[in-house]
Amino acid sequence: MKSVHSIEEAQSFVNHETLSILYISQPNCSVCHALLPQIEELLEDYPNISSRHIDAHEVPGVAGEYSVMTVPAVLLFSEGKELYRKARFVPIGELNHQLAKYNHFINEG
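Enquirer: So what exactly am I meant to see when it comes to the packing of helix H2 (residues 30–43) against helix H4 (residues 92–108) here?
Expert: For any two helices packed against each other, the geometry is given by the interaxial angle and the distance between the axes. Put simply, H2 and H4 touch, their axes get as near as 11 Å, and they point 35° apart. Both H2 and H4 take part in a crossing whose hand is right-handed. The segment H2 lies against H4, with Leu 35, Gln 38, Ile 39, Leu 42 and Leu 43 engaging Ile 92, Leu 95, Asn 96 and Leu 99. For the contact of H2 with H4, the per-class residue count stands at 7 nonpolar, 2 polar and no charged.

Enquirer: It is not clear to me how the environment of His 16 should be interpreted in this structure. Could you clarify?
Expert: Along the chain, the position of His 16 falls in helix H1 (residues 7–16). Residue classification places His 16 among the exposed positions, given a relative accessible area of 64%. Here the alpha-carbon distance between His 16 and Glu 79, two residues 63 residues apart in the chain, equals 5.5 Å.

About the criteria used
- Residues numbered from 1 in each chain as written.
- Predicted model: local features only at pLDDT ≥ 70, side-chain atom pairs only at ≥ 80, totals over all residues.
- Heavy atoms only, no water.
- Axes fitted to C-alpha atoms, helices over the stretch in contact; angles between N-to-C directions.
- Helix = DSSP H or I, 4+ residues; strand = E, 2+ residues; numbered from the N terminus.
- Left-handed = near helix turned anticlockwise from the far one by under 90°.
- Contact = heavy atoms within 4.5 Å.
- Nonpolar A, V, L, I, M, F, W, Y, C, P; charged D, E, K, R; others polar.
- Buried < 20%, exposed > 50% of the residue type's maximum accessible area, 1.4 Å probe, protein only.

Structural data, given as structure tokens:
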């Protein structure tokens, strides 16, 4: 997953993609490190969904910008509109269901 290094980069990314995931984590978070590869593997099934990672330690304002109280946080957007969010405990099955639903709705109408 590619990284963004500023709030402006993150905003531009989520505002211009039809479907996108923003993954917010911190370097000292073991759950963050364990979850990232699972999400990357899941996204292999959704080539139409773009994703970016942002480190809340490197970009401290990201937590306030996206109202994230705990990490990891997975936020799904469509052209800047938040569709789904999960934080701290992100069930992969539930995330897969949400991705499938929105991917079908957006890309196949």
